Amino acid sequence: MRLLVVGRLSGQLSAAVKMAMDAGAKVAHVETVTQATDALRKGQGADLLMVDYELDIGALIEANERERIHVSVVACGVNPDPRKAAQAITAGAKEFIPLPPDAELIAAVLSAVADDSRPMISHDPAMQSVIRLADQVSASDASIMITGESGVGKEVMARYVHEKSKRAQKPFISVNCAAIPDNLLESELFGHEKGAFTGAMARRIGKFEEADGGTLLLDEISEMDARLQAKLLRALQERVIDRVGGAKPVPVNIRVLATSNRNLVQAVKDGVFREDLLYRLNVINLAIPPLRERPADILVLSEFFVKKYSEANGIPLKPIGLEAKRRLQAHGWPGNVRELENAMHRAVLLSAGSEIDAEAIRLPDGQPLNPVAPIGMDYINRAAQAAETAARTFVGSTVAEVEQKLILDTLSHCLGNRTHAANILGISIRTLRNKLNEYASQGLSIPAPQSGASAA
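Quick caveat: nothing in here was measured; it's all calculated off a predicted structure.

What to know about the overall build of the protein chain
Of the regular secondary structure elements, the protein chain holds 19 helices and 12 strands. Across the protein chain, contacts joining residues at least 24 apart in sequence account for 69% of those joining residues at least 6 apart. Carbon together with sulfur atoms contributes 52% to the accessible area of the protein chain, which is approximately 21,900 Å² in total. Each charge class in the protein chain can be summarised by its mean position, and for the 52 positive and 55 negative side chains these summaries are 3 Å apart.

A few points about the pairing of strand β11 (residues 255-260)
For a regular strand, the rule is simple: side chains alternate between the two faces of the sheet. Of all the six residues making up β11, six are buried; the element is thus mostly covered by neighbouring parts of the structure. Residues Arg255, Leu257 and Thr259 line one face of β11 and the alternating positions Val256, Ala258 and Ser260 line the opposite face, and both faces are buried. For strand β6 (residues 144-147) and β11, the ladder comprises four bridges, and the chain directions are parallel. If you follow isoleucine 146 over to β11, its bridge partner there is threonine 259. Relative to β11, strand β8 (residues 215-219) runs parallel, the two sharing four bridges. Bridge pairing links leucine 216 to valine 256 in β11.

Some points on the side chain of arginine 41
Relative to the assigned elements, arginine 41 resides in helix α2 (residues 33-41). For arginine 41, a relative accessible area of 14% gives the class buried. Side chain to side chain, arginine 41 and aspartate 38 meet in a polar contact 3.0 Å long. Residues in contact with arginine 41, not counting those within four places in the same chain, are Glu67, Ile69, Ala202, Arg203, Arg204 and Ile205.

Some points on the pattern of salt bridges
On inspection of all chains with the given rule, the structure shows 32 salt bridges. A salt bridge links glutamate 54 to lysine 84; the shortest N-O distance between them is 3.1 Å. Remark: lysine 84 occurs in helix α4 (residues 82-91) and glutamate 54 occurs in the loop between β3 (48-52) and α3 (57-66); sequence separation between them is 30 residues. On the basis of relative accessibility, which here comes to 25%, the residue lysine 84 falls in the partly exposed class. Across the pair arginine 227 and glutamate 186 runs a salt bridge, and its minimum N-O distance is 3.1 Å. Of the two residues, arginine 227 is situated in helix α10 (residues 226-238) and glutamate 186 in helix α8 (residues 182-190); the sequence distance between them amounts to 41 residues. Residues participating in the shared-partner salt-bridge network are Arg2, Asp47, Glu188, Arg204, Lys207 and Glu210.

Some words on the sheet that holds strand β7 (residues 172-176)
If you trace the five strands from one edge of the open sheet to the other, you get β7-β8-β11-β6-β12, paired in parallel fashion. Among the strands making up the open sheet, the edge pair consists of β7 and β12 (284-287). Strand-to-strand, the axes of this sheet are offset by a mean angle of 20 degrees, without reference to chain direction. Examined bridge by bridge, β7 and β8 share five bridges and lie parallel to one another. Looking at β8, one finds that valine 175 is bridged to leucine 218.

Points about the packing of α8 against α10
Running from N to C, α8 and α10 cross one another at 15 degrees; their axes reach a closest spacing of 10 Å. Of the possible angle classes, the one that applies to α8 and α10 is roughly parallel. Both α8 and α10 take part in a crossing whose hand is left-handed. On the side of α8, the interface is formed by Asp182, Leu185, Glu186 and Phe190, while α10 contributes Arg227, Leu228, Lys231, Leu232 and Ala235.

Quick look at α10
Here α10 spans 19 Å end to end across 13 residues, near enough to the 18 Å set by a 1.5 Å rise per residue. Within α10 the residues assigned to the buried category are Leu228, Gln229, Leu232, Leu233, Ala235 and Leu236. Angularly, the buried residues of α10 cover 165 degrees about the axis, an arc narrow enough to put them on a single face. Its buried side turned inward, α10 meets α8, α9 (207-210), β8, β9 (240-241), β11 and α12 (275-281). Regarding α10, its N-cap is aspartate 225, as a side-chain oxygen of that residue lies 3.0 Å from the backbone nitrogen of arginine 227 further along.

Observations regarding the sheet that holds strand β2 (residues 26-30)
Read across the open sheet, the five strands follow the order β2-β1-β3-β4-β5; overall the sheet is parallel. For this open sheet the edge positions go to β2 and β5 (95-99), each flanked by a neighbour on one side alone. On average, each strand axis in the sheet is inclined to that of its neighbour by 25 degrees, with strand direction left out of account. One ladder, built from five bridges, connects strand β1 (residues 2-6) with β2; its direction is parallel. Within β2, the position partnered with leucine 3 by the bridge is valine 27. Sheet strands touched by α3: β3 and β4 (72-78). Its angle to β3, the strand with the most contacts, is close to 150 degrees.

Conventions used here
- Just so you know, the residues in each chain are numbered from 1, in the order the chain's sequence is written.
- Note on the predicted model: pLDDT of at least 70 is required for a residue's local features to be given, and 80 or more for side-chain atom pairs to be given and counted; whole-chain, interface and lining totals, by contrast, use all residues.
- The side-chain quantities take in all heavy atoms of the structure and omit both hydrogens and water.
- Strands here are runs of E lasting at least two residues and helices are runs of H or I lasting at least four, both read from the DSSP assignment and numbered beginning at the N terminus.
- Two residues qualify as a contact provided that any one of their heavy atoms is within 4.5 Å of a heavy atom in the partner residue.
- The protein chains shown are the only cover counted for residues, whose accessible areas, like all others here, come from Shrake-Rupley with a 1.4 Å probe.
- Charged residues are defined here as Lys and Arg on the positive side and Asp and Glu on the negative side; His and the ends of the chain fall outside this count.
- Charge placement uses NZ in Lys and CZ in Arg. For Asp and Glu, CG and CD serve respectively.
- Note on classification: 1.4 Å probe, protein chains only; a residue is buried when its accessible area is under 20% of the maximum for its type, exposed when over 50%, partly exposed between these limits.
- In this scheme, strands are said to pair when DSSP sees at least two bridges between them.
- Any N or O atom pair separated by 3.5 Å or less is treated as a polar contact, with the protein-specific requirement of one donor-capable and one acceptor-capable atom, and with residues adjacent in sequence counted only for side-chain atom pairs.
- When a carboxyl oxygen of Asp or Glu lies within 4 Å of a side-chain nitrogen of Lys or Arg, that pair is called a salt bridge.
- Fitting a line to C-alpha atoms yields each axis, with helices limited to the stretch in contact; the angle taken between N-to-C directions then spans 0 to 180 degrees.
- Here is the rule for angles: anything less than 35 degrees is roughly parallel, anything more than 145 is roughly antiparallel, 65 through 115 is roughly perpendicular, and the remaining ranges are oblique.
- In a left-handed crossing the near helix is turned counterclockwise from the far helix by less than a right angle, and in a right-handed crossing that turn is clockwise.
- What a helix is expected to span follows from its residue count: subtract one and scale by 1.5 Å.
- Think of the arc as the fan of directions from the helix axis to the C-beta atoms.

Printed below as a string of structure tokens:
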């Protein structure tokens, strides 16, 4: 994590800086709020600002926002005055750190505010194969396209690739292309010169230059305007950028990762994404499966989030109850890992007993997860009934017809639950999904998952 300390380095603030470095932060220092904004404008990136509460924190945040620089602020002060500490929080500081410093407090604040703890957690074979591919290509400088539904963990994968790369000690810079208006995204990426447009009061270094030597993540790149796609393609091909209003190209040395939750091949066919840019970015594709297709990850992620949010909220760690585990595994999780994380955060706060029970795990609308039928003999009996019925009707059929009927009958008896059907049939969920897509293209009706069942 990159920390920028703002204020005069007294003995106690210097001690806080040392503790921050001991906690793993890379620390830079300026004395005034004007110098802080200027440093950020010039590309001296920071994940967090630690600011003396005697300075004008409100003015600092306002100046940063005018430059579209969004960095969290924590205030600090010697022998703190409660009134000034409250004013710092009101002005926009996320936390207050009293000085003289406490090492554990500083480490906790840095971790909580920066939220930099995003480990890659997986036990499921489907996800493990993607991680193995990431391990194999991380050391290269090849561009990587990370695809998957919203909430599957594409940015977590991007950070994982960066940390495994030879650029790990250099910056990791992320830009959400969908969150920045088209007329501002060019300046955000490539920077601008003073006077390049109304409001450009000074030179601004863009994310390409800020990431120099490291990794630049272009999140949801499918939302980028076609004109910017052309400029991005030139930057990737020639390793130079043009600042808005600039007179000469600026060389950059970065590795580019990109994410998308859309089908970019279809976007190319629709004429909204450049085919040559797709080829340039998609040297390697890391396709992250949705959570419903990686059932072995559900409980291990749930337990990780329970531990994380128990510690963050100062709540004793509780185990997840058996019925709660069954409901977690049966739920379809359309919002993927992001939805699961939010659900477990709520569960930590709502749980009243000695364990996290099923009633504590609630959906965004406040409803608990649906109860599920017992798993085991019920599904075995259903499969046996399907096999018995099939045996009476398969004589005279082709092998392909027998396979088709067995798959569809088993899926129907499993209430549309793809995971259980695949287990009973002895095939992978991917093979089952491919078969179902083939049948659907033939115009056949495919049993839909009922409430609480997993979709493919």
